[in-house]
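Geometric and topological summary
Residues per chain, in single letters:
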Amino acid sequence: MTEAKTKPTSASIEDYLASRASPAQLADCRELMSLLKRVTKESPKMWGPSIVGYGSYRYRYDSGRTGEACATGFAIRGRELVVYIVSETPDQQQLLARLGKHKMGKSCLYIKNLADVDPKVLEALVKGSVAEIRRRHPDTAP
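Predicted model, so just to flag it, every value in this text is computed and none were measured.

The rules behind the values
- Residues numbered from 1 in each chain as written.
- Predicted model: local features only at pLDDT ≥ 70, side-chain atom pairs only at ≥ 80, totals over all residues.
- Heavy atoms only, no water.
- Buried < 20%, exposed > 50% of the residue type's maximum accessible area, 1.4 Å probe, protein only.
- Helix = DSSP H or I, 4+ residues; strand = E, 2+ residues; numbered from the N terminus.
- Pairing = 2+ DSSP bridges.
- Axes fitted to C-alpha atoms, helices over the stretch in contact; angles between N-to-C directions.
- Left-handed = near helix turned anticlockwise from the far one by under 90°.
- Contact = heavy atoms within 4.5 Å.
- Nonpolar A, V, L, I, M, F, W, Y, C, P; charged D, E, K, R; others polar.
- Salt bridge = Lys/Arg side-chain N within 4 Å of Asp/Glu carboxyl O.
- Arc of directions from axis to C-beta.
- Polar contact = N/O pair within 3.5 Å; in protein donor to acceptor, adjacent residues only side chain to side chain.
- Parallel < 35°, antiparallel > 145°, perpendicular 65-115°, else oblique.

**Some details on the pairing of strand 3 (residues 51-54)**
In strand 3, alternate side chains face the same way, and those of Ile51 and Gly53 on one face and Val52 and Tyr54 on the other are all buried. Relative to strand 3, strand 2 (residues 44-47) runs antiparallel, the two being bridged by four bridges. Along strand 3, the bridge assignment pairs Lys45 with Gly53. Taking the residues between adjacent antiparallel strands as the criterion, strand 2 and strand 3 are bridged by three residues, where Gly48 takes a positive phi near 65°.

Structure follows, in structure tokens:
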């Protein structure tokens, strides 16, 4: 079985931010870091080479494969910030409709600038996502 590439590392978050973020992105990253720490009550860690993650949980697929992932986090992808959230519930979908300018993948929320989104709605989305992950994976919740 292959080993997961995205796992906690001792890499420097500051080095990651300095190497990837534009000045405007750096300010957004700092705001996002504050929000994620406030919601999770966890300190950030680098997960793999490019994800700033908060908290963790263990999962098991139906196939029996297991792994560990950060409860939430973000990455800098070119000109966008990607926030990792679960947004499948009706409540989360309603929040996404009120968020502002964004794109949503399966668990990737793409934002160009934090100024484009409602910060209270973003915080509610992250809270809902972390709560859902903890509900699904209670054995690893803090």
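**Section: the packing of helix 1 (residues 13-20) against helix 2 (residues 23-40)**
At a closest axis distance of 10 Å, the pairing of helix 1 and helix 2 adopts a crossing angle of 145°. Considering only the axes of helix 1 and helix 2, their crossing is right-handed. Touching Ile13, Glu14, Leu17 and Arg20 of helix 1 are Gln25, Leu26, Cys29, Arg30 and Met33, all from helix 2. A class-by-class count of the residues in the contact of helix 1 with helix 2 yields five nonpolar, one polar and three charged.

**Describing the pattern of salt bridges**
Side-chain pairs of opposite charge can arise where the charged atoms are in close proximity. In the structure shown here, the tally under the stated rule is eight salt bridges. A single salt-bridge network, built from bridges that share partners, covers Glu88, Lys106, Glu132, Arg135 and Arg136.

**Some remarks on helix 1**
Considered for burial, the residues of helix 1 that qualify are Ile13, Tyr16 and Leu17. Looking down the long axis of helix 1, one finds its buried residues gathered within 95° of arc, a one-sided arrangement. Looking at helix 1, the residues exposed on the side facing more than 90 degrees away from the buried face are Asp15, Ala18 and Ser19. Measuring from the backbone nitrogen of Glu14 back to the side-chain oxygen at the start of helix 1 gives 3.3 Å, which picks out Ser12 as the cap.

**Here's the deal with the pairing of strand 2**
With two bridges connecting them, strand 1 (residues 8-9) and strand 2 associate as antiparallel partners. Note on strand 2: the bridge partner recorded for Pro8 is Trp47.

**Some points on unusual backbone geometry**
Even without glycine at this site, Lys41 takes up a positive phi of about 60°. Tracing the chain through its elements places Lys41 in the loop between helix 2 and strand 2.

**Quick word on the packing of helix 2 against helix 4 (residues 119-136)**
Between helix 2 and helix 4, the least distance of the axes is 10 Å, while the angle of their chain directions is 40°. The angle between helix 2 and helix 4 falls in the class oblique. Remark: the crossing between helix 2 and helix 4 carries right-handed chirality. Side by side, helix 2 and helix 4 meet where Leu32, Leu35, Leu36, Arg38, Val39 and Thr40 of the first sit next to Pro119, Leu122, Glu123, Val126, Lys127, Val130 and Arg134 of the second. Partitioned by chemical class, the residues of the contact of helix 2 with helix 4 number eight nonpolar, one polar and four charged.

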